[in-house]
Amino acid sequence: MTVPVIAIDGPAASGKGTIAQRTADALGWHYLDSGALYRLAALAALRAKVSFDDPAALTAAAQSLAPQFKDGRIWLDGEDVSEAIRAETVGVAASKCAAVPGVRQALFDLQRRAAAAPGLVADGRDMGTVVFPEAKLKIFMTASARVRAERRVKQLEARGEKADLAALTRDLEERDRRDRERAVAPLKPAADARLLDTSEMGIDEVVKKVLGWWSELN
Ligand code: CDP
Ligand code: CDP
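Bear in mind the structure is a predicted one, so any value in this text is a computation, not a measurement.

Strand order in this open sheet of three strands is β3-β4-β5, and the pairing throughout is antiparallel. Edge strands, defined here as strands with exactly one partner in the open sheet, are β3 (68-70) and β5 (79-80). Both β3 and strand β4 (residues 73-76) contribute to a ladder of three bridges, which runs antiparallel. Within the sheet, the bridge partner assigned to K70 lies in β4 and is R73. The strands touched by helix α2 (residues 34-47) within the sheet are β3, β4 and β5, with β4 carrying the most contacts at an inclination of about 35°.

In structure tokens form, the structure reads like this:
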């Protein structure tokens, strides 16, 4: 594949999405929020009242997923679910779906198709390890658990939602542990990933770092 890809992976609320979107904007590239696909699969399964202990049913729900992406909004079955998929309950459900090999397989092609000219910045858990192993720049983005939980609380409050720091910290930890420990495509840095701890870094500083790394490679 000749389309250039920047892959950004890391634990929940480390800032991957924000940085990936801004980097894509700066380069005039496409952006893939792969986590949104897992969140959509989870929302579809929750709404269809599928048992989360039934891998075949979760796989079927993911296979029949037909989301639409329009003007920065995400639609599922004719409904704008852009906000609904961001609930932390959906994040936890997404990490359960994401441990099912059939679900990952069902979403693989959707993700690969996002790699289009002039380039793609993709964020998730396995962008550099599984989905885009050919990515020229791979970044594993982290931040301390405390900073990540605080960032997510601020994000939820800015959307007018109530957020409890202790409960959210537990949810993020549970999700990260499940993501790290699963058998398929676990959360881990690719062997050739650059590690970036953003605990003490502002958004502009991180974007500058990523763009700097990209230009060094070219
Ligand atoms: O995609 P991911 O869950 O890793 O994180 P995000 O949704 O992009 O970022 C979580 C929150 O942290 C957002 O509200 C960002 O604006 C904020 N953030 C930050 O304060 N400093 C950074 N260096 C990166 C993100
Ligand atoms: O934004 P945040 O970091 O909280 O989560 P997300 O990127 O929206 O991903 C939600 C969940 O989907 C994660 O906890 C993972 O279990 C799963 N996921 C995955 O397994 N592989 C990806 N490439 C992206 C997300």
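Having seen it, we continue.
What follows covers the site of ligand 2. The local shell around ligand 2 holds 19 residues, among which R39, R104, R152, R175 and D179 are the closest. R175 is positioned with one of its side-chain polar atoms (N or O) 2.6 Å from an oxygen atom of ligand 2. Expressed as a share of its isolated accessible area of 530 Å², the protein-covered part of ligand 2 is 96%. Broken down by secondary-structure element, the contributors of at least two residues to the shell around ligand 2 are α2, α4 (88-97) and α8 (165-181). Its residues assigned to classes, the shell around ligand 2 comprises six nonpolar, four polar and nine charged. Taken domain by domain, the makeup of the shell around ligand 2 includes at least three residues from each of domain 1 (1-29 + 118-213) and domain 2 (35-115).

This part covers the UniProt feature "domain: Cytidylate kinase" (unreviewed entry) in the chain. According to UniProt, the "domain: Cytidylate kinase" (unreviewed entry) feature falls on residues 6-211. From the first C-alpha to the last, residues 6-211 spans 10 Å; its make-up is 50% helix and 16% strand.

This brings us to the site of ligand 1. Lining the immediate environment of ligand 1, one finds 14 residues, of which G15, K16, G17, T18 and R152 sit closest. Measuring from an oxygen atom of ligand 1, one finds a backbone N or O atom of G17 at 2.8 Å. Contacts to ligand 1 include Q155, whose side-chain N or O atom sits 2.9 Å from an oxygen atom. Computed on the free molecule, ligand 1 has an accessible area of 550 Å², of which 80% lies beneath the protein chains in the complex. Residue assignment for the shell around ligand 1 shows that the elements contributing at least two residues are α1 (16-27), α7 (145-158) and α9 (203-216). For the shell around ligand 1, a count of residues per class yields five nonpolar, six polar and three charged.

Here we take up the confidence of the model for the chain. Any residue range with low pLDDT should be treated as having predicted coordinates unsuitable for detailed reading. Within the chain, residue pLDDT values average 96, and 100% of them lie at 70 or more. For this predicted complex, the interface score ipTM comes out at 0.98, while the overall pTM is 0.97.

Relative to the helices and strands, R159 resides in the loop between α7 and α8. The sequence separation of R159 and E88 amounts to 71 residues, and the corresponding C-alpha distance is 13 Å.

We now examine the domain arrangement of the chain. Assigned domains of the chain: these are domain 1 (1-29 + 118-213) and domain 2 (35-115). On a C-alpha basis, the centroid separation for the pair domain 1 and domain 2 is 19 Å. Among the residues domain 1 hides against domain 2, the three largest losses belong to V131, R175 and R178. Together they make up 28% of the total. In this structure, the connection of domain 1 to domain 2 is made through four salt bridges. Linking domain 1 to domain 2 there are five residue pairs in polar contact (both at pLDDT 80 or more). Those elements that place two or more of their residues in the side of domain 1 that touches domain 2 are β6 (120-124), α6 (127-131), α7 and α8. With seven residues, α8 is the single largest residue contributor to the side of domain 1 that touches domain 2.

To continue, consider the packing of α4 against α8. Orientation of α4 relative to α8, taken along the N-to-C sense of each, is 15°, at an axis distance of 9 Å. With respect to α8, the axis of α4 lies roughly parallel. At the point where α4 passes α8, the crossing takes the left-handed sense. Across from E88, G91, V92, S95 and K96 in α4, the residues of α8 making contact are L168, D171, L172, E174, R175, R178 and D179.

Parameters at a glance
- Residues numbered from 1 in each chain as written.
- Chains lettered and ligands numbered in written order.
- Predicted model: local features only at pLDDT ≥ 70, side-chain atom pairs only at ≥ 80, totals over all residues.
- Heavy atoms only, no water.
- Pairing = 2+ DSSP bridges.
- Helix = DSSP H or I, 4+ residues; strand = E, 2+ residues; numbered from the N terminus.
- Contact = heavy atoms within 4.5 Å.
- Axes fitted to C-alpha atoms, helices over the stretch in contact; angles between N-to-C directions.
- Near = heavy atom within 4 Å.
- Polar contact = N/O pair within 3.5 Å; in protein donor to acceptor, adjacent residues only side chain to side chain.
- Areas by Shrake-Rupley, 256 points an atom, 1.4 Å probe, with all protein chains shown as cover.
- Nonpolar A, V, L, I, M, F, W, Y, C, P; charged D, E, K, R; others polar.
- Domains from an automatic or database assignment.
- UniProt positions renumbered as here; feature names shortened; annotations may be inferred.
- pLDDT = per-residue confidence, 0-100.
- Buried area = accessible area lost by both parts, 1.4 Å probe.
- Salt bridge = Lys/Arg side-chain N within 4 Å of Asp/Glu carboxyl O.
- Parallel < 35°, antiparallel > 145°, perpendicular 65-115°, else oblique.
- Left-handed = near helix turned anticlockwise from the far one by under 90°.

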